[in-house]
Amino acid sequence: MPALRLTVLVDNSAPLPTRLLAEYGFAALVEDVEAGVRVLFDTGTSGHVLEYNLRLLGVDPKSVDFVVLSHRHYDHTGGLRRFLELREGKPVTVVAHPRLFEPAYARLRALGGVLRDIGLPYTRRELEGLGARFLLSRKPVQLTERITVSGEIPREWGPTHAWGMLRLHNGELVEDDMTDDMALYIDSPGGLLALTGCGHAGVENIVEYGLEATASKTLYGLVGGLHLLGAPAERTTQVVRYLASKQPRLVAAAHCTGPLAQGPLAQALGDAYRLGGVGFALEL
Ligand SMILES: [Fe+2]
Ligand SMILES: [Fe+2]
């Protein structure tokens, strides 16, 4: 029996033959099999894809013990409402950063610079009415012996990935440094497994803080978004070099990593590179 299991439930792509559906967004199920605890990390955009894929995989939404929201963007939080509805009122702890309910905007070059509202599309009251019990924390939150929500990630080791992200400050749109971006740190038998949503906190910060926080000596792997979509080419090169230098056993860069970064990652990481996407699964 594996100690841990991870399954990508929602992603932009379905790169391998699968009956699962894809949509822009991200969600993954992490199971600490030994502890008997199931964690839903992010919820995708619509909730419909999450619902469909959970059903296809035979996972009862009521069997989930914790929901963790990596950050407040709609493509990670949009499925929360439908997920709560599927639980038919059964309460669930939702771990998130205190900035969860702040509005968020983006003006992405890749989208022609149009201003978009990209925050959480629901009110706190509406979600609480459906059974969400919010645990908002800047500090790490340990869910099981092996699974920890990072809390706010210090930016001591590298740049952030928040180009085009905006927030409201005194009625003005200013740059958003996305301090609410959190990761899930999994203390796996082979070392640290980091699960990211969009990876806005920056991959060096996410990994190095994770190694510190879990006292793991090595990076076993990384799964999730690296937000290289729209990144300057030099930054992609830097990220690829950094990841290769950590000699991980696997990297499944998904979601907003963007198609242009996949080639260089595959080339630099060799056997450690995996095609992410819906249905990507790991047993450790
Ligand atoms: Fe995202
Ligand atoms: Fe994001």
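Only a predicted model underlies this, so the values are computations on that prediction, with no experimental measurement involved.

Parameters at a glance
Residues numbered from 1 in each chain as written. Chains lettered and ligands numbered in written order. Predicted model: local features only at pLDDT ≥ 70, side-chain atom pairs only at ≥ 80, totals over all residues. Heavy atoms only, no water. 1 Å grid on protein atoms, 1.4 Å probe; cavity = no way out; pocket = protein on both sides within 12 Å on 5 of 7 lines; lining within 4 Å. Points joined across faces, edges and corners; volume = space filled by probe spheres on them. Helix = DSSP H or I, 4+ residues; strand = E, 2+ residues; numbered from the N terminus. Nonpolar A, V, L, I, M, F, W, Y, C, P; charged D, E, K, R; others polar. Buried < 20%, exposed > 50% of the residue type's maximum accessible area, 1.4 Å probe, protein only. Pairing = 2+ DSSP bridges. Right-handed = clockwise from strand over helix to strand, strands pointing away. Axes fitted to C-alpha atoms, helices over the stretch in contact; angles between N-to-C directions. Donors = N, O, S within 2.8 Å, 3.2 Å for Na, K, Ca; no water. Tetrahedral: all angles 85-135°; square planar, octahedral: opposite > 155°, others 65-115°. Phe/Tyr/Trp six-rings, centres within 6.5 Å; stacked < 30°, edge-to-face > 60°. Salt bridge = Lys/Arg side-chain N within 4 Å of Asp/Glu carboxyl O. Arc of directions from axis to C-beta. Contact = heavy atoms within 4.5 Å.

Asks: Describe empty space enclosed by the protein, listing the residues and the values that go with them.
Replies: Under the criterion given, the structure shown has one cavity of 30 Å³ or more. Estimated volume of the largest cavity: approximately 30 Å³. Lining of the largest cavity is provided by Leu4, Arg5, Leu6, Val30, Ile186, Leu193, Leu282 and Leu284. Counting residues per element, the lining of the largest cavity draws most heavily on strand β1 (residues 4-10), at three residues. For the lining of the largest cavity, the per-class residue count stands at seven nonpolar, no polar and one charged.

Asks: Just give me the short version of the pairing of strand β14 (residues 191-196), but keep the residues and values in it.
Replies: Each regular strand displays side chains that alternate between the two surfaces of the sheet. Within β14, six of the six residues are buried, which leaves the element mostly enclosed by the surrounding structure. Of the pairings in the sheet, the one linking strand β13 (residues 184-188) to β14 comprises five bridges and is antiparallel in character. Bridging from a neighbouring strand, Ser188 pairs with Gly191 of β14. With five bridges connecting them, β14 and strand β15 (residues 219-225) associate as parallel partners. Across the sheet, Leu193 pairs through a bridge with Gly221, a residue of β15. As for the winding sense of the linkage, the β-α-β connection from β14 through helix α5 (residues 203-214) to β15 is right-handed.

Asks: Which residues make up the sheet that holds strand β7 (residues 115-117), and what values go with them?
Replies: An order of β7-β6-β11-β12 is seen for the four strands of this open sheet, with the pairing classed as antiparallel. Strand pairing shows two members of the sheet lacking a second neighbour, β7 and β12 (172-175), which therefore form its edges. Taken over all neighbouring pairs, the strand axes of this sheet differ in orientation by 40 degrees on average, direction set aside. Pairing of strand β6 (residues 105-107) with strand β11 (residues 165-169), which is carried by two bridges, proceeds in the antiparallel orientation. From the neighbouring strand, Ala106 faces β11, where its bridge partner is Met165.

Asks: Summarise the coordination of the iron ion (ligand 1); cite the residues concerned and give the values.
Replies: At the metal site, the iron ion (ligand 1) is ligated by Asp75 (OD), His76 (NE2), Cys198 (SG) and His255 (NE2), and these contacts range over 2.0 to 2.2 Å. Every donor counted, the four donor atoms about the iron ion (ligand 1) form angles of 86 to 154 degrees at the centre, which fits irregular coordination. Within one chain, the residues donating to the iron ion (ligand 1) are spaced in sequence as D-H-x121-C-x56-H. Separating the iron ion (ligand 1) from the iron ion (ligand 2) is a gap of 3.6 Å, bridged by Cys198, which donates to each. In this pair, Cys198 sits in the loop between β14 and α5 while His255 sits in the loop between β16 (250-254) and α7 (259-269), placing the two residues 57 residues apart along the sequence.

Asks: Which residues make up the packing of aromatic side chains, and what values go with them?
Replies: For the structure shown, the criterion picks out two aromatic pairs. Geometrically, the ring pair formed by Phe101 and Phe134 is edge-to-face, given 5.2 Å between the ring centres and 80 degrees between the ring planes. One end of the pair, Phe101, is in the loop between β5 (92-96) and β6; the other, Phe134, is in strand β8 (residues 132-136), and 33 residues separate them in sequence. Judged by its relative accessible area of 14%, Phe134 falls in the buried class. Here the aromatic rings of Tyr185 and Tyr209 are separated by 6.3 Å at their centres, their planes lie at 65 degrees, and the arrangement is edge-to-face. With Tyr185 in strand β13 and Tyr209 in helix α5, this pair connects stretches of sequence that are 24 residues apart. Each of the two residues, Tyr185 as well as Tyr209, counts as buried.

Asks: Break down the pattern of salt bridges for me, citing the residues and quoting the values.
Replies: Counted by the stated rule, this structure contains 20 salt bridges. The closest approach of N and O atoms between Arg146 and Glu34, which form a salt bridge, is 3.8 Å. Taken together, the residues Arg146 in the loop between β9 (141-142) and β10 (147-149) and Glu34 in the loop between β2 (27-32) and β3 (37-41) connect sequence positions 112 residues apart. Two residues, Arg72 and Asp176, come together in a salt bridge whose shortest N-O distance is 2.6 Å.

Asks: A description of α7 should follow, citing residues and the corresponding values.
Replies: Among the residues making up α7, those that are buried are Ala261, Gln262, Leu265 and Leu269. Seen along its axis, α7 keeps its buried residues to an arc of 110 degrees; they face one direction. Among the exposed residues of α7, those oriented more than 90 degrees off its buried face are Leu260 and Gln267. Packing partners of the buried residues in α7 comprise α6 (233-245) and β16. The first or second residue beyond α7 is Gly270, which carries a positive phi of 55 degrees.

Asks: Before we move on, could you go through unusual backbone geometry and cite the residues and values that matter?
Replies: Of note in the backbone geometry, Asn170 takes a positive phi value of approximately 50 degrees without being a glycine. Its identity is not glycine, yet His255 carries a phi of approximately 45 degrees, on the positive side. Accessibility expressed as a relative area gives 6% for His255, which makes it buried.

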